[in-house]
Amino acid sequence: MKDLVAAKLSKDPRIAQAKSLIQAALQAAKKEITEVTPPQGERQLYFIDLTSRCSEARGGNIYYPYLGSGIGNGSLVELEDGSVKYDFITGIGVHYFGHSNEDIVMSSIDAAIQDTVMQGHLQQNADQMHLMESFLDLARKNGAQLDHCFLTSTGATANENAMKIIFQKNFPANRMLAFRKCFAGRTMALAQMTDKALYRDGLPQSLNVDYLPFYNENDHEGSIRRALKILRKHIERFPGLHAGMCMELVQGEGGYFPGNTEFFKAIIEVLKENNIAVWFDEVQTFGRTTEPFAFQHFGLDDLVDVVTVGKMSQVCSTIYRDHFKPRPGLVSQTFTSSTAAIRAAQVVLDNLKCKGLCGGDGKIMKMHSSFVTNLKNLATVFPGQFTGPYGLGAMVAFTVFDGDLEKTKSSANKLFENGVISFIAGKNPTRIRFLMPVMAVEENDIDEVCKIISRTMTECKG
Ligand SMILES: Cc1ncc(COP(=O)(O)O)c(C=O)c1O
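Every chain is numbered independently, its residues counted from 1 as its sequence is written. Per-residue local features of the predicted model are confined to residues with pLDDT of at least 70, and side-chain atom pairs are confined, for both listing and counting, to 80 or more; whole-chain, interface and lining totals are unaffected and use all residues. Excluded from the side-chain calculation are hydrogens and water; included are all heavy atoms of the structure.

*Asks:* I'd like to hear about the environment of S153, residue by residue, with values.
*Replies:* Examined against the element boundaries, S153 turns out to sit in the loop between strand 5 (148-152) and helix 7 (155-169). A sequence separation of 182 residues divides S153 from F335, and the C-alpha atoms of the two residues are 7.6 Å apart. In this view, S153 contacts C316, F335, T336 and S337; residues no more than four positions away in its chain are not counted. Starting at the N terminus, helices and strands are each numbered in turn, a helix being any DSSP run of H or I of at least four residues and a strand any DSSP run of E of at least two. In this analysis, two residues are considered to be in contact whenever any of their non-hydrogen atoms come within 4.5 Å of each other.

Structure below.
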């Protein structure tokens, strides 16, 4: 086939030269960011003004005084106040490659010379098709029968689309099942499913959801027994009315509680008997266990009907079996995602496929064990103040002061001031959690982060 004009442009030596100049400049700039540094004195007033204007413009305070300058180096990020911090929450799981990763930046340059800023239903370029196939290849790698993939730009929209195709398939069922303490997103319907009253404060009820207790690793048999009993009660109370069950396989916002294969299988058996769709919400877990998908980690490949992913994938996705295919008109959108996000997502998925990331001895688990070993030491140094660590793979958390919300918040804030960005999760207990920049993080980063955690714990002791 004859080269298209677009291909000629991307192969133009001037583009290659420009890219290599940009790369060289980026490498030089990154070299200046080598360690945690405090805010620069002369920038403090300017930064306070910037963050307060930001809060004012959006109509509510930003959680941390975090406004990025637009550059970082791996696990480190530079903020507008001139400080450099370890980013161990990565925008709640977004900067999987760390900051200013050259492959990601170069993919944005490739995107920048494309004609289309935002791709969508009547403006798709071929790269979107390659991305869908990559999602499907990864999802099917251990045999899951997942046939289709619909891309979108947020985890919430991926979840909305999942819910719509499940309801349409199982009409007239009009209820959903979910786990207690789940988080599913912030649309009207998902705020209803998310098991947190604050997030639907003032909203009319838009969805009927029935909840099951999640897995408790300290009571394996009891967890299964209780969940099944409650599940059967719900089904008996509303026969034929549950369209699907949304499951996080490791609870994220709920506080980093991993599930268990036997537990999930027992629940799914009952769901299948009752024609209730099995939907795994992997918006947070994707790319964080021994496999690209957590359902692969837990060996649930033959049971999944619908799976949603987001965050680290840059473009979000609803992946589903053929018989859940929506009728025309149900899912569509002007904007799928930006071309830059689509190109970056391709880099992410290519890496998940082949760079020694997954598997019991892949980088995800190596970084997990290094972080967890360090944190276990801290638990012995601060008895009563620090417990854990908890979590799975690249989702790690610990509890301070028995999970008291206010004390945990203030410990996380102190940690931020000292140069490590974390976030809180869960209620009773509330925990401090981390989503490491998996591709960028090194042993040395983990050591430094743990030193800062230790110093922060000492400061918070009183
Ligand atoms: C499990 C889960 N589902 C859905 C979402 C919503 O994703 P988004 O914030 O991209 O809409 C999140 C976000 O934290 C999540 O953790």
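*Asks:* Outline unusual backbone geometry, listing residues and values.
*Replies:* In the segment running from F171 into P172, the intervening peptide bond is cis, with an omega of 10 degrees. Assignment of secondary structure puts P172 in the loop between helix 7 and strand 6 (175-179). Backbone torsion omega between N428 and P429 reads 10 degrees, so that peptide bond is classified as cis. Along the polypeptide, P429 turns up in the loop between strand 18 (423-425) and strand 19 (431-435). Even without glycine at this site, T90 takes up a positive phi of about 50 degrees. Here T90 lies in helix 4 (residues 90-93). Between buried and exposed lies partly exposed: a residue is buried under 20% and exposed over 50% of the maximum accessible area for its type, with that area taken using a 1.4 Å probe on protein chains only. By relative accessible area, which is 0% here, T90 ends up buried. We note that K311 has phi near 55 degrees; this positive angle belongs to a residue other than glycine.

*Asks:* Give a description of the side chain of H148 that names residues and reports values.
*Replies:* Here H148 lies in strand 5. Two N or O atoms count as a polar contact when they lie within 3.5 Å, although within protein this holds only if one can serve as hydrogen donor and the other as acceptor, and sequence-adjacent residues are included solely when both atoms are side-chain atoms. At 2.6 Å, the side chain of H148 forms a polar contact with the side chain of D322. Setting aside residues no more than four positions away along its own chain, H148 makes contact with L136, T318, I319, Y320, R321, D322 and K325.

*Asks:* I'd love a proper account of the site of the ligand, names of residues and values included.
*Replies:* Near the ligand lie 13 residues; those nearest to it are G155, A156, D281, Q284 and K311. A distance of 2.9 Å separates an oxygen atom of the ligand from a polar atom in the backbone of G155. One nitrogen or oxygen atom from the side chain of K311 is found 3.0 Å from an oxygen atom belonging to the ligand. In the complex, the protein chains occlude 82% of the 390 Å² of accessible area that the ligand would expose alone. Here the shell around the ligand takes three residues from helix 7, the largest share from any one element. Of the residues assigned to the shell around the ligand, the class counts are four nonpolar, five polar and four charged. Any residue with a non-hydrogen atom lying within 4 Å of a molecule or strand is treated as near it. Only the protein chains shown count as cover for residues, and the accessible areas themselves come from Shrake-Rupley with a 1.4 Å probe. Side-chain classes are defined by residue name, with Ala, Val, Leu, Ile, Met, Phe, Trp, Tyr, Cys and Pro counting as nonpolar, Asp, Glu, Lys and Arg as charged, and the others, Gly among them, as polar.

*Asks:* Let's hear about the sheet that holds strand 8 (residues 242-247): which residues, and what values?
*Replies:* Spatially, 5-13-12-11-8-6-7 is the arrangement adopted by the seven strands of the open sheet, whose pairing is mixed. The sheet terminates laterally at strand 5 and strand 7 (208-212), the two strands that pair on one side only. Each neighbouring strand pair of the sheet contributes to a mean axis angle of 20 degrees, computed without reference to strand direction. Pairing between two strands requires that DSSP report at least two bridges joining them. Sheet analysis places strand 8 next to strand 11 (residues 277-282), joined by four bridges and oriented parallel. Within strand 11, the residue paired with G244 across the bridge is A277. Axis lines are fitted to C-alpha atoms, over the contacting stretch for helices. Their N-to-C directions set the angle, which ranges from 0 to 180 degrees. The strands touched by helix 7 are strand 5, strand 6, strand 8, strand 11, strand 12 (306-309) and strand 13 (316-320); relative to strand 13, the strand with the most contacts, the crossing angle is about 20 degrees. In the packing of helix 10 (residues 261-273) onto the sheet, the strands contacted are strand 6, strand 7, strand 8 and strand 11, and the crossing angle to strand 8 comes to about 165 degrees.

*Asks:* Break down the pairing of strand 11 for me, with residues and values.
*Replies:* Burial of strand 11 is extensive: six of the six residues sit out of reach of the surface. Here strand 11 shows a buried face lined by A277, W279 and D281 and a second buried face lined by V278, F280 and E282. Two elements, strand 11 and strand 12, share four bridges in a ladder whose sense is parallel. Bridge assignment links E282 to a residue of strand 12, and that residue is V309.

*Asks:* Give me the domain arrangement of the protein chain: which residues, what numbers.
*Replies:* Residue ranges for the domains trace back to a domain assignment, done automatically or taken from a database. Domain parsing of the protein chain yields domain 1 (118-354) and domain 2 (370-405 + 416-435 + 450-462). Contacts between the two partners involve 16 residues from domain 1, matched on the other side by 17 residues from domain 2. In total, about 1300 Å² of surface goes out of reach between domain 1 and domain 2, with carbon and sulfur atoms giving 63% of it. For the domain 1 face of the interface with domain 2, the top three residues by lost area are E253, Y256 and R288, together amounting to 51%. For this document, the term salt bridge refers to a Lys or Arg side-chain nitrogen within 4 Å of an Asp or Glu carboxyl oxygen. A salt bridge links R433 to E253; the nearest nitrogen and oxygen atoms lie 2.7 Å apart. Counting across the interface, domain 1 meets domain 2 through seven residue pairs in polar contact (both at pLDDT 80 or more). For the side of domain 1 that touches domain 2, the secondary-structure elements that each account for two or more residues are strand 9 (250-251) and strand 10 (257-258). Partitioning the side of domain 1 that touches domain 2 into residue classes produces five nonpolar, eight polar and three charged. When two parts are brought into contact, each loses some accessible area as probed by a 1.4 Å sphere; the total of that loss over both is the buried area.

*Asks:* An account of the pairing of strand 3 (residues 84-87) is needed here, citing residue identities and associated values.
*Replies:* Covered by surrounding structure in strand 3 are V84 and Y86 together with K85 and D87, the residues of both alternating faces. Where strand 2 (residues 76-79) and strand 3 come together, three bridges link them in antiparallel fashion. Looking across to strand 3, one finds that E78 is bridged to V84. From the end of strand 2 to the start of strand 3, which pair antiparallel, there are four residues, and G82 there has a positive phi angle of about 90 degrees. Across two bridges, the pairing between strand 3 and strand 17 (residues 420-421) is parallel. Among the inter-strand pairings, D87 is bridged to a residue of strand 17, identified as I421.

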